[in-house]
Amino acid sequence: MTPAVRTTCPYCGVGCGVVATPDGKGGAAIAADHDHPANRGRLCSKGAALGETLSLEDRLLHPEIDGQRVSWEIALDTVASGFRQTIERHGPDAVAFYVSGQLLTEDYYTANKLIKGFLGTANIDTNSRLCMASSVAGHKRAFGSDTVPGRYEDFESADLVVLVGSNLAWCHPVLFQRLEAARHARPSMKIVVVDPRRTETCDIADLHLALKPGSDVTLFNVLLSGLAERGVADRSFVDRHTSGLDEALAAARTTDPAACGLRQADIETFIDWFARTEKVVTLYSQGVNQSSAGVDKVNALINCHLLTGRIGRPGMGPFSITGQPNAMGGREVGALSNTLAAHMDFGAAAIERVARFWRAARMATKPGLKAVELFEAVRAGRIKAVWIMATNPVASLPDADAVREALRGCEFSIVSEAIRATDTVDACRVRLPALAWAEKDGTVTNSERGISRQRPFLPPPGEAKQDWWIVSEVARRLGHGEAFAWRGVADIFREHAALSAFENEGTRDFDIGACATLDDAAYESLQPFVWGGGPDRRFFGEGGFFHADRRARFIATTVRAPVNGPEESRPLILNTGRVRDQWHTMTRTGKSVRLAGHRPEPTIELHPHDASARGLAEGDIAEVTSAWGRGVLRVHVTESLRVGGAFAPMHWTAQVSRAGRINAAVNPAVDPISGQPELKHTPVEIRRLDMRWHGTILARRAVMLPETSYWARIRGAGYHAYLVAGDQPLALAQRALSAAVRTANPGPWLAGEKDVGAVVSDGRVEAVMMVGPTYQADARDRFAPFMALDRLTTEQRDALLHGGTDMHRGGELCACFGVSCGAVEAAIADGATSLAAIGATTQAGTNCGSCRSEIRALLRSARLVKAA
Ligand code: SF4
């Protein structure tokens, strides 16, 4: 029996502990780590399904140049000489790295050291720019350092938790579970959700403030002046530890609350609750950060905590939650282009200090380009060599078609990736196979500054290597072998820790110098720990901010209109974000069958008013157009949005949906300070595409689809599922699609009723297809059970071809036990009136809990229907 390995989940910034037990056949059983302080035995649906993402299918296993397999020697020599020649001809600022919050800290450290210390440029940016750069900038303005003051346990012990721009239930589900449990144990706790959408997180809210998109500064300015008027300022804290209150209050007092689009009574309630509650945590995420006014939003909410002195003590403080598993590790090593290393910036003393510590051959002396401008420079030809590591900017950056064009036109593009089939790998010349989660060794830092080990539990496949090794080998070829002569990740971690303490003496928050002397065994067995002190330590409870005068700064925030606001021809505001069971560009979660069931297609969500004004109905196919590009998505009509709003998930790429890659249409405007893109505010118009047919295909072997207006591909258990629609005549489409299906899945073709046809060979369904004039939302769920059968009985064959049960209607609700909406609705119809009763009859919601909000919504709507 292979021993279990304690490691860390590679998805969101909660950083849950995971126990992986290899099965000896390339897979592993995954369980929650009961001893990890972030999750204490909990996992969400994504974490629980990690075992389904480990296959080597779709992996990049060998180096390639221009599509041809090459040796590591040739690949590394090519990368090194490409960088050397580019720098010789065009200078250091003609090269760039674009890295990722998926990298482990040791990988991040190595890439940052090479480019800033030895290539002479700070043109390294991380995809965390898209996630939390506004928080970093806001923290620095307020605190003088990028410090997250609090701990997860603070929002369990708070009496008021304000969630701003955070769909915690879907994006950080284990923290949501912790909050939900704390609220259950202490019903007096109040929860306010500030979000233009009514998300699943609102399910536990006492007050939902569905403010106008982008009006967060208005709301928090109004809160600041309201708190001052109610006399709840902590004068002692303000006088001893802050400066700038008068200017901030003066700006706040000029703010018109009407601009939030909220009822005045709700605003008053919010101010009253905040004013009279000592223990307040304001937890915020991408809804705040991803904005052209993101930094001001962060400072507007921090101002309210500084005014009341509610920071740095148990149960209170502003709390930024990162999206990625190691966004914080990236901040610690300095992998944002405007930071240097170890929470140091580009001041002269810091540059000299880091250069001395690294014995840098060619030190960067100024900040580099931020993500959006970096790819603009690639497109304009100013950057001629770019190396992308562990990220997929062709799918995830705004104005994504321009990014693809930039990479295709770049003289020298390199990608280090674990996955072969991504939109970015397709666009790059040199492809370097990197290790994936199960094989990597190192550390990550979660949103509460908690450092955990990520340990390998599967052997490296093919010729794949860990990123730090790849970067170090290139450094060696560039003549810097001595500075990169590490034997392994423990050496790198010790160096990183030593740099954090180097000439620090309490002037910088990030100091893990105690780890600089860990021996290899101690590093290997390192237990999760939160940097910045012992278990109860928080920053700033007694002041001690990191500006030179040790005072925090209030920032006067004034309301600014979003860059590229709505226009007459594009009156809707598109917001993008995540869905419960997918992660980023689906390269891993897309491999899991049970995760595929929850949201199988890329959707565009619209309010019923906006949908009917455009003649759109549920299930239609619509084109979303902006000034930058377009997407084609399935329409979902929902009252969870404000009138004038639209929402699309950011996960779908060209690999899994022809035109579902919504970032092609997204606004590339950025915050002027943080450079974080405006991913939640794109003016769009949406129009119905007249589809003459809709289809569903389940096939054991992949089908080469004919040209069609819309398709999305998802994973089934032993089959591929395609959801398609087109504008050709129905009969023509049926012929073309059945021919494509039968080419890939040969065998006798049986024609059924209602536009159904199937290939059944030796009694087994090889493929089944339904292509008809109307959208059949339940077709995939109806056919799926037949794909699980080895041999059909006569009755089953009749049911396949002529109609069957609809118990699976509505997709998978509970990913852990594969329970559909239809099954939960049936349980409600049979008399189940609570979560517990539904759990007892269907098991739904009894494991990870990620689906409980949706079960509650079904219960609520059943009650409404009854009452009506
Ligand atoms: Fe992973 Fe879910 Fe935990 Fe996030 S909440 S770290 S996705 S298990």
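Scope of this entry: the structure provided in the associated data block.

On to the overall build of the chain. Looking only at helices and strands, one finds 30 helices and 34 strands in the chain. A compact globule built from 868 residues should have a C-alpha radius of gyration of about 29 Å, and the chain, at 27 Å, falls within 12% of that. Each principal axis of the C-alpha atoms in the chain carries an extent, and together these give about 80 × 70 × 60 Å. Across the 868 residues that make up the chain, the buried fraction comes to 64%. The long-range share in the chain, meaning contacts at least 24 apart out of those at least 6 apart in sequence, stands at 73%. Averaging the coordinates of the 98 positive side-chain charges in the chain and doing the same for the 98 negative ones gives two points 0 Å apart.

On to the packing of aromatic side chains, then. Counted according to the given criterion, the structure contains 28 aromatic pairs. A centroid spacing of 5.8 Å and a plane angle of 90 degrees characterise the contact between Phe83 and Phe97, whose relative ring orientation is edge-to-face. With a gap of 14 residues between them, Phe83 in helix H2 (residues 72–90) and Phe97 in strand S6 (residues 95–99) connect regions that are remote in the sequence. Of the two residues, Phe83 and Phe97, neither departs from the other in class, the shared state being buried. Both rings, one in Phe493 and one in Tyr523, keep their centres 5.3 Å apart while their planes meet at 45 degrees; by these two values the pair is tilted. Within this pair, whereas Phe493 is found in helix H21 (residues 489–501), its partner Tyr523 is found in helix H22 (residues 520–524), the two being separated by 30 residues in sequence. An aromatic cluster of at least three residues, connected via ring pairs, comprises Phe143, Phe237, Phe510, Trp531, Phe539, Phe540, Phe545 and Phe546.

Next up on the list: the sheet that holds strand S16 (residues 430–433). In sheet architecture, strand pairing relies on hydrogen bonds along the backbone and comes in two forms, parallel and antiparallel. Strand order in the open sheet made by the seven strands is S5-S4-S16-S15-S14-S6-S7, with mixed pairing throughout. At either end of the open sheet lies a strand with only one pairing partner, and these are strand S5 (68–69) and strand S7 (124–126). Sheet topology places S6 next to S7; three bridges connect them, and they run parallel. By the bridge assignment, Phe97 is partnered in S7 with Ile124. Its contacts with the sheet put H2 on strand S4 (64–65), S6, strand S14 (385–389), strand S15 (412–417) and S16, and the angle it makes with S15 is roughly 135 degrees.

Counting residues in hydrophobic clusters, the biggest one holds 114 residues, and the most contacted among them are Phe83, Phe97, Leu219, Phe270 and Trp387. Beyond its immediate stretch of four places on either side in the chain, Phe83 contacts Val95, Ala96, Phe97, Leu119, Ala385, Trp387, Phe412 and Ile414. Membership of the second largest hydrophobic core comes to 46 residues, among which are Val5, Cys9, Val174 and Met328.

A positive phi is found at Phe540, a non-glycine position, where the angle reads about 80 degrees. Secondary-structure assignment places Phe540 in the loop between strand S19 (529–530) and strand S20 (552–553). At Asp762, a position not held by glycine, the phi torsion is positive, near 50 degrees. Locating Asp762 in the fold gives a position in the loop between strand S31 (756–761) and strand S32 (764–772). Classification of Asp762 as exposed rests on a relative accessible area of 65%.

Once that is clear, we can look at the site of the ligand. What surrounds the ligand is the set Cys9, Tyr11, Cys12, Val14, Gly15, Cys16, Leu43, Cys44, Lys46, Gly47, Pro173 and Val174. Listed by contribution, the elements that provide at least two residues to the shell around the ligand are helix H1 (45–48) and helix H7 (173–185).

What follows covers the packing of helix H16 (residues 371–380) against helix H18 (residues 400–409). Running from amino to carboxyl end, H16 crosses H18 at an angle of 45 degrees, the nearest separation of the two axes being 8 Å. The orientation of H16 with respect to H18, classified from their angle, is oblique. At the point where H16 passes H18, the crossing takes the left-handed sense. On H18, the residues that touch Phe375, Val378 and Arg379 of H16 are Ala402, Val403, Glu405, Ala406 and Leu407.

Our focus in this paragraph is the state of the cysteines. Among covalent bonds in proteins, the disulfide is the one between the sulfur atoms of two cysteines. Across all of its chains, the model carries zero disulfides by this definition. With no disulfide of its own, Cys171 lies 8.5 Å from the sulfur of Cys12, the closest cysteine sulfur. When its relative accessible area of 14% is taken as the criterion, Cys171 is described as buried. Take Cys202: it sits in no disulfide, and the sulfur closest to it among the cysteines is that of Cys171, at 12 Å. Classification of Cys202 by relative accessible area gives buried; the value is 2%.

What follows covers the side chain of Thr110. For Thr110, the position within the fold is in helix H3 (residues 105–119). On the basis of relative accessibility, which here comes to 0%, the residue Thr110 falls in the buried class. In this structure the side chain of Thr110 is engaged in a polar contact, spanning 2.7 Å, whose partner is the backbone oxygen of Glu106. In contact with Thr110, other than residues within four places in its own chain, are Trp468, Val471, Ser472, Phe484, Trp486 and Ile492.

Taken in spatial order, the three strands make up an open sheet running S1-S2-S3, and their pairing is antiparallel. The open sheet terminates on both sides in strands that have one partner only, identified here as strand S1 (5–8) and strand S3 (28–32). Between one strand and the next, the sheet's axes are offset by a mean angle of 35 degrees, whatever the strand orientation. Pairing of strand S2 (residues 17–22) with S3, which is carried by five bridges, proceeds in the antiparallel orientation. Looking at S3, one finds that Thr21 is bridged to Ala29.

Let's shift gears to the pattern of salt bridges. Under the criterion given, the structure shown has 65 salt bridges. Residue Arg455 is joined to Glu524 by a salt bridge in which the shortest nitrogen-to-oxygen separation is 3.5 Å. Taken together, the residues Arg455 in the loop between strand S18 (450–454) and helix H20 (467–477) and Glu524 in helix H22 connect sequence positions 69 residues apart. Here Arg455 falls in the buried class, since its relative accessible area comes to 11%. Through salt bridges with shared partners, a single network forms among Glu73, Asp77, Glu473, Arg476 and Arg477.

Contact geometry of helix H8 (residues 216–229) with helix H10 (residues 245–253) gives a least axis separation of 8 Å together with a crossing angle of 115 degrees. By the criterion of interaxial angle, the relationship of H8 to H10 is roughly perpendicular. The two elements H8 and H10 meet at a crossing, and its hand is left-handed. Each of Asn221, Leu224, Ser225 and Ala228 in H8 lies in contact with H10, whose residues at this interface are Ala248, Leu249, Ala251, Ala252 and Arg253. For the contact of H8 with H10, the class distribution of residues is six nonpolar, two polar and one charged.

By the criterion of burial, helix H26 (residues 779–787) is predominantly enclosed, with seven of the nine residues buried. Residues Ala779, Arg780, Asp781, Arg782, Phe783, Phe786 and Met787 constitute the buried set of H26.

Looking at where Cys12 falls in the secondary structure, it is placed in the loop between S1 and S2. By relative accessible area, Cys12 is classed as buried at 10%. C-alpha of Cys12 to C-alpha of Gln527: the two residues are 515 residues apart in sequence and 20 Å apart in space. If near-sequence neighbours (up to four positions away) are discounted, Cys12 is found in contact with Cys171, His172, Gly323, Gln324, Pro325, Arg578 and Trp583.

Analysis parameters
- Residues numbered from 1 in each chain as written.
- Predicted model: local features only at pLDDT ≥ 70, side-chain atom pairs only at ≥ 80, totals over all residues.
- Heavy atoms only, no water.
- Helix = DSSP H or I, 4+ residues; strand = E, 2+ residues; numbered from the N terminus.
- Rg over C-alpha atoms; globule rule 2.2 N^0.38 Å.
- Buried < 20%, exposed > 50% of the residue type's maximum accessible area, 1.4 Å probe, protein only.
- Contact = heavy atoms within 4.5 Å.
- Lys, Arg positive; Asp, Glu negative; His and termini not counted.
- Charge placed at Lys NZ, Arg CZ, Asp CG, Glu CD.
- Phe/Tyr/Trp six-rings, centres within 6.5 Å; stacked < 30°, edge-to-face > 60°.
- Pairing = 2+ DSSP bridges.
- Axes fitted to C-alpha atoms, helices over the stretch in contact; angles between N-to-C directions.
- Core = buried A, V, L, I, M, F, W, Y, C linked by side-chain atoms within 4.5 Å.
- Near = heavy atom within 4 Å.
- Parallel < 35°, antiparallel > 145°, perpendicular 65-115°, else oblique.
- Left-handed = near helix turned anticlockwise from the far one by under 90°.
- Disulfide = S-S within 2.5 Å.
- Polar contact = N/O pair within 3.5 Å; in protein donor to acceptor, adjacent residues only side chain to side chain.
- Salt bridge = Lys/Arg side-chain N within 4 Å of Asp/Glu carboxyl O.
- Nonpolar A, V, L, I, M, F, W, Y, C, P; charged D, E, K, R; others polar.

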